[in-house]
Amino acid sequence: MDKKQVTIPILAISLLILAYLPIVKAETRLVWSFDWEGMDVEVYAPYQAYPGDTITVRVRVEAKEDLEDVYIRVWLYGSKSEGFETWTKYIIVLYYVDLSKGVVRDQNFDVDIPSDVSPGLIYSHTYCDWKVWRWPSWRDRSLDDSFIVTYLKNKAYEDLQKAYNKLLNDYNALQVKYNKLLN
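None of these values were measured; they are calculated from a predicted model. (Residues numbered from 1 in each chain as written. Predicted model: local features only at pLDDT ≥ 70, side-chain atom pairs only at ≥ 80, totals over all residues. Heavy atoms only, no water.)

Observations concerning the sheet that holds strand S4 (residues 54-63)
Selection criterion: Here, a strand pair is defined by DSSP locating no fewer than two bridges between the strands. Strands here are runs of E lasting at least two residues and helices are runs of H or I lasting at least four, both read from the DSSP assignment and numbered beginning at the N terminus. A fitted line through C-alpha atoms serves as each axis, taken over the contacting stretch for helices, and the angle formed by two N-to-C directions is quoted from 0 to 180°.
The 4 strands lie next to each other as S1-S2-S4-S7, forming an open sheet whose pairing is antiparallel. For this open sheet the edge positions go to strand S1 (28-36) and strand S7 (104-112), each flanked by a neighbour on one side alone. Sheet twist, expressed as the mean angle between neighbouring strand axes with direction ignored, is 15°. With 8 bridges connecting them, S1 and strand S2 (residues 39-46) associate as antiparallel partners. Bridge pairing links Leu30 to Tyr44 in S2.

Quick look at unusual backbone geometry
Keep in mind that most residues, glycine aside, have a negative phi and that most peptide bonds are trans. To keep it simple, the criterion reads: Working definition: with a 1.4 Å probe on protein chains only, accessible area under 20% of the residue-type maximum means buried, over 50% means exposed, and in between means partly exposed.
Pro136 follows Trp135 through a cis peptide bond whose omega is 15°. Locating Pro136 in the fold gives a position in the loop between strand S8 (120-134) and strand S9 (137-152). Unlike most non-glycine residues, Glu82 shows phi in positive territory, near 55°. The exposed category is assigned to Glu82, whose relative accessible area is 72%. At Tyr96, a residue that is not glycine, the phi angle is positive and equals roughly 50°.

Brief notes about the nonpolar core
Counted only if it meets this: Only buried residues count toward a nonpolar core. Its members are Ala, Val, Leu, Ile, Met, Phe, Trp, Tyr and Cys residues joined through side-chain atoms within 4.5 Å. In this description, contact between two residues means that some pair of their heavy atoms is separated by no more than 4.5 Å.
Within the largest apolar cluster, 34 residues are counted, with the highest numbers of intra-cluster contacts made by Met39, Val59, Val61, Ile72, Leu76 and Val93. Secondary structure elements with two or more residues in this core: S1, S2, S4, strand S5 (67-80), strand S6 (85-99), S7, S8 and S9. If we skip the residues at most four places from it in the chain, Met39 touches Phe34, Val61, Glu62, Lys64, Leu67, Val70, Ile72, Cys128 and Trp130.

Let's talk about the pattern of salt bridges
Defined as follows: Salt bridges are defined by distance alone: a side-chain nitrogen of Lys or Arg within 4 Å of a carboxyl oxygen of Asp or Glu.
In total, this model carries 11 salt bridges according to the counting rule given. In this structure, the salt-bridge partner of Lys64 is Asp35, at a minimum N-O distance of 3.3 Å. In this pair, Lys64 is assigned in the loop between S4 and S5 and Asp35 in strand S1, connecting sequence segments 29 residues apart. A salt bridge links Glu62 to Arg60; the nearest nitrogen and oxygen atoms lie 3.2 Å apart. Each member of the pair, Glu62 together with Arg60, is buried. A single salt-bridge network, built from bridges that share partners, covers Glu37, Glu65, Arg134 and Arg141.

Considering the sheet that holds S5
Ordered in space as S3-S9-S8-S5-S6, the 5 strands form an open sheet in which the pairing is mixed. Edge positions in the sheet fall to strand S3 (48-49) and S6, since each has one partner strand and no second. Pairing between S3 and S9: 2 bridges, direction parallel. Note on S9: the bridge partner recorded for Ala49 is Leu152.

Focus on the packing of aromatic side chains
Filter applied, for reference: Ring pairs are drawn from Phe, Tyr and Trp, using the six-membered ring of Trp, whenever the two centres fall within 6.5 Å, and their geometry is named by plane angle: stacked under 30 degrees, edge-to-face over 60, tilted for the rest. Two conditions define a charge sitting above a ring: the NZ of Lys or the CZ of Arg must be within 6 Å of the ring centre, and it must be within 35 degrees of the ring normal.
Counted by the stated rule, this structure contains 12 aromatic pairs. Taking 5.7 Å as the distance between ring centres and 35° as the angle between the ring planes, the aromatic pair formed by Phe34 and Trp130 counts as tilted. With Phe34 in strand S1 and Trp130 in strand S8, this pair connects stretches of sequence that are 96 residues apart. With relative accessibility at 10%, the residue Phe34 sits in the buried group. Trp130 sits in the buried class, given a relative accessible area of 1%. Ring-pair connections join several aromatic residues into one group, and the members of that group are Trp32, Phe34, Trp36, Trp130 and Phe147. Over the ring of Tyr44 we find Arg58, and its NZ or CZ is 4.5 Å from the ring centre.

No statement about biological role is implied by the geometric values presented.
Here it is in structure tokens:
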């Protein structure tokens, strides 16, 4: 095999990996949903992020029946100062709107996570309020729930871990050289 036959596949594999990295970072998952009394709500968020990042929270609402006065709020919480303070972000998804059967509202909300939010879990308390027709009148319905949204990674710890591993590798290489000199 000549160098060209080895270099081209390695280059192609490297480019494929680089092309895939942004997809992995932006990957989201369903973090909460309910389907009850004429309404289906789904909330999507990324698996993880860092303090200082902007994440996208996607909220999909589907009217399975005619609905009135639909109100949906997503309130995000995180810790600051290692748990001594709280960070919150308030998102109004729908504010007392009427939805006809079959209507889907699919919205993305960009959330800036401050750089001083402590690593750990970001969670949500979500509240939904609506009216659905149940003969002979419109009936009030509501649901509130809490759930985990995203895990904030610790960049400082990861950088320290990389520096430690580099020092350990350097130490081991020097130890090998030292042992060779002793022999």
